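Below, each chain spelled out in residue letters.
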Amino acid sequence: MLNKDFLWGGATAANQCEGAWDVGGKGVSMADILPGKIRQKYIFADPDAFYTKKFDYYPSHIGVDFYHRYKEDIALMAEMGFKCYRMSIAWTRIYPTGEESEPLEEGLKFYDDVFDELLKYDIQPLVTLSHFDTPLELNSKYNGWIDKHLVDCFEKFCKTVFVRYRNKVKYWLTFNEVNAVTKLFVPNGTRMKEGDNPDQIGYQVLHNMCLAGAKAVKLCHEIIPDAKIGCMVQYSPVYPYSCHPDDVLAALDFERDRELFAIDLQAKGEYPYYTRRMFKKLGVVLDTNEDELEILKNNSVDFISFSYYMSLTYAREEFVAEQTEGNIFSGIRNPYLNSTEWGWQIDAKGLRFACNRLYSLYGKPLFIVENGVGVDEKMVNETVNDNYRIEYLKNHIEQLKEAVDDGVQIMGYTMWSPIDIVSNSTGEMRKRYGVIYVDLDDDGKGTLNRYKKKSFYWYKNVIETNGEELD
Ligand code: BG6
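What comes next concerns the included structure. (Residues numbered from 1 in each chain as written. Predicted model: local features only at pLDDT ≥ 70, side-chain atom pairs only at ≥ 80, totals over all residues. Heavy atoms only, no water.)

Of the regular secondary structure elements, the protein chain holds 16 helices and 12 strands. At 21 Å, the protein chain has a C-alpha radius of gyration in line with the 23 Å of a compact globule built from 471 residues. For the protein chain, the spread of C-alpha atoms along the principal axes amounts to about 60 × 55 × 45 Å. When the 471 residues of the protein chain are sorted by exposure, 61% land in the buried category. In the protein chain, the share of contacts with a sequence separation of at least 24, taken over all contacts with a separation of at least 6, comes to 76%. Accessible surface, the protein chain as shown: approximately 18700 Å² in total, 49% of it carbon and sulfur. Separation between the mean location of the 55 positive side-chain charges and that of the 72 negative ones in the protein chain comes to 1 Å. (Helix = DSSP H or I, 4+ residues; strand = E, 2+ residues; numbered from the N terminus. Rg over C-alpha atoms; globule rule 2.2 N^0.38 Å. Buried < 20%, exposed > 50% of the residue type's maximum accessible area, 1.4 Å probe, protein only. Contact = heavy atoms within 4.5 Å. Areas by Shrake-Rupley, 256 points an atom, 1.4 Å probe, with all protein chains shown as cover. Lys, Arg positive; Asp, Glu negative; His and termini not counted. Charge placed at Lys NZ, Arg CZ, Asp CG, Glu CD.)

Around the ligand, the structure places 14 residues, and the nearest of them are Gln16, Glu177, Asn424, Ser425 and Tyr433. Note that an oxygen atom of the ligand is positioned 2.6 Å from one of the side-chain N or O atoms of glutamate 177. In this structure, tyrosine 433 approaches the ligand through a side-chain N or O atom, which is 2.5 Å from an oxygen atom. Against a free-state accessible area of 380 Å², the protein chains account for coverage of 100% of the ligand. The class makeup of the residues in the shell around the ligand is 4 nonpolar, 7 polar and 3 charged. (Near = heavy atom within 4 Å. Polar contact = N/O pair within 3.5 Å; in protein donor to acceptor, adjacent residues only side chain to side chain. Nonpolar A, V, L, I, M, F, W, Y, C, P; charged D, E, K, R; others polar.)

What follows deals with the side chain of threonine 340. In this structure, threonine 340 sits in the loop between strand E8 (312-314) and helix H14 (348-362). Judged by relative accessible area, which is 17%, threonine 340 ranks as buried.

This part takes up the packing of aromatic side chains. Summed over the entire model, instances satisfying the criterion amount to 39 aromatic pairs. Seen from their ring centres, tyrosine 273 and tyrosine 274 are 5.3 Å apart, and the 85° between their planes marks the pair as edge-to-face. With a relative accessible area of 70%, tyrosine 273 lands in the exposed category. The rings of Phe66, Tyr67, Tyr70, Tyr85, Phe110, Tyr111, Phe115 and Tyr165 are connected pair by pair, giving a single aromatic cluster. Arginine 93 extends its terminal NZ or CZ atom over the ring of phenylalanine 110, reaching a point 5.6 Å from the ring centre. Seen from the ring of phenylalanine 329, arginine 258 lies directly overhead, with NZ or CZ sitting 5.9 Å from the centre. (Phe/Tyr/Trp six-rings, centres within 6.5 Å; stacked < 30°, edge-to-face > 60°. Lys NZ or Arg CZ within 6 Å of the ring centre and 35° of its normal.)

A cis geometry characterises the amide bond from tryptophan 416 onward to serine 417, with omega recorded as 0°. The topology assignment puts serine 417 in the loop between strand E10 (410-416) and strand E11 (436-438). Although it is not a glycine, aspartate 65 adopts a positive phi angle of roughly 60°. Among the structural elements, aspartate 65 can be located in the loop between helix H3 (49-52) and helix H4 (66-79). With phi around 70°, leucine 448 is a residue other than glycine that occupies positive phi space.

Moving on: helix H16 (residues 454-464). Those residues of H16 lying buried are Ser455, Phe456, Trp458, Tyr459, Val462 and Ile463. Axial view of H16: buried residues confined to an arc of 165°, hence all on one face. The inward-facing, buried residues of H16 contact strand E1 (7-11), H4, helix H15 (387-406), E10, E11 and strand E12 (450-452). After H16 finishes, the residue asparagine 466 shows a positive phi value of roughly 50°. (Arc of directions from axis to C-beta.)

A grouping of Arg276, Arg277, Lys280 and Lys281 is seen on the molecular surface, where their side chains present a positively charged patch. By the element assignment, lysine 281 lies in helix H12 (residues 275-282). (Patch = residues over 30% accessible without salt bridge, like charges linked within 9 Å, V, L, I, M, F, W, Y side chains within 5 Å. Salt bridge = Lys/Arg side-chain N within 4 Å of Asp/Glu carboxyl O.)

Where strands meet in a sheet, backbone hydrogen bonds hold them as pairs that are either parallel or antiparallel. One closed barrel accounts for 8 strands, arranged E1-E2-E3-E4-E5-E7-E9-E10; its pairing is parallel. Shown here is a sheet whose adjacent strand axes are inclined to one another by a mean of 25°, direction ignored. Sheet topology note: the E1/strand E2 (residues 84-88) ladder contains 3 bridges and is parallel. Each residue of the ladder has a partner; that of alanine 11, found in E2, is arginine 86. This element, helix H6 (residues 105-120), spans E2 and strand E3 (124-130) of the sheet and lies at about 170° to E2. Most of the contacts of helix H11 (residues 245-268) go to strand E5 (residues 228-234), to which it runs at about 170°, and overall it touches strand E4 (171-175), E5 and strand E7 (303-307). (Pairing = 2+ DSSP bridges. Axes fitted to C-alpha atoms, helices over the stretch in contact; angles between N-to-C directions.)

This part covers the environment of aspartate 22. Here aspartate 22 lies in the loop between helix H1 (14-17) and helix H2 (39-43). Overall, aspartate 22 belongs to the partly exposed group, its relative accessible area being 49%. Separated by 103 residues in sequence, aspartate 22 and proline 125 place their C-alpha atoms 24 Å apart.

Quick look at the nonpolar core now. Core analysis: the largest hydrophobic core is formed by 130 residues, its most contacted members being Trp172, Phe306 and Tyr459. It is helix H10 (residues 198-223) that contributes the most residues to this core, 13 residues altogether. Met30, Ile33, Phe50 and Tyr58 belong to the second-largest nonpolar core, a separate cluster that totals 13 residues. (Core = buried A, V, L, I, M, F, W, Y, C linked by side-chain atoms within 4.5 Å.)

Next up on the list: the environment of leucine 104. With respect to the secondary-structure elements, leucine 104 resides in the loop between helix H5 (91-94) and H6. The exposure class assigned to leucine 104 is partly exposed, which follows from its relative accessible area of 25%. Distance in space between the C-alpha atoms of leucine 104 and asparagine 289 is 34 Å, their sequence separation being 185 residues. Not counting the four nearest positions on each side in its chain, leucine 104 is found in contact with Gly24, Gly25, Lys26, Arg93, Ile94 and Pro96.

Just distances and angles here, no functional claims.
In structure tokens form, the structure reads like this:
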């Protein structure tokens, strides 16, 4: 049985839905130089191309035009009975390059209007401070988050938005999926030179971002004492492929390195006990000092939020098995699970496992801030009969309820995503997650009109019955 104040809702990110990339003085962010359909070709192989190539189409420039249509979208969320809407503030709407001394009033006013619109319907904003859209200038000039100057720029941005929205926003998140930054160039913005140790760069970037996150926690607690601020990680429980002890240890190592390590830094405010050995193996020597470690220690988050799309399966290095696709991280194909069209393995029970694992390790309230299924779907008679999405969400919500019955404290659930938006990993529109369809294709063509899918009505009833009726 869920508490009556359980926060039901949906989640988006500014760069995937707002569009209006150069309106109101907004600066260019990292997300604004990522192309559409061919994004994946470069993500791991040649991220430098994002800086050096001119592409035909940049989906963040249009998004799904939430910037101009937020009233219509929020009215639809209100119709579903949303208690909460997770969104992000585009840093570059407030500080176009990240370095200005004064914020941009037009950008601040836009979010004031969005928050007012949400509060009009009693929808609590849950705001991510940074969702993969660092100002491009900070990346080009300072080589991204490897430079601690970005910590100061981020602190200034946080102070501005906490002061401005202190009466409107009571739930905040620091960095989206911050655990991804050790391996991913897009969120960390740091280009490597020949001879660089990627782990050295990755863990220094993670340190700098978690330090910035701890400073944000401190400011938030000082400026909005009645607010709660959480970290946000991509969490997939990691199953050993077999009971071979080496598979079990390999799964543990993978989970620690990619996921738990970053949670320890933010939820316990300290480097976990296995750090020394891990850093030695990876050749990592951190640039830090006592003051920074103290800031981390004294400013841990109030809650842990995470995205959940799949579990992962892992084995000892020498074991050869069929691999599967995944969200940021991937592993071995689990033969007991089905996959989405994009090869993400569906594992509803993994959500219950994830909640129990995180709660038993950290003992802090959890918030599931992303969960959903991307499907290439066509509209027929102005709707989509998306029974598969209903099935997916139903199975996951069932397991969320099981976790609550197990005793895990869960603050809320914001599915990804109430409206179809641009896919983060592929830049496609055809990878649709919404319960609301948006008429826009991968080339940016379409009316941008919104249509309710079958799941819209289903989710409305789930919220109305506080998760009691799932069929
Ligand atoms: C999460 C991100 O990793 O997964 C979102 O926080 C993203 O930004 C979501 O959209 C789904 O991934 P994708 O690549 O299918 O859009």
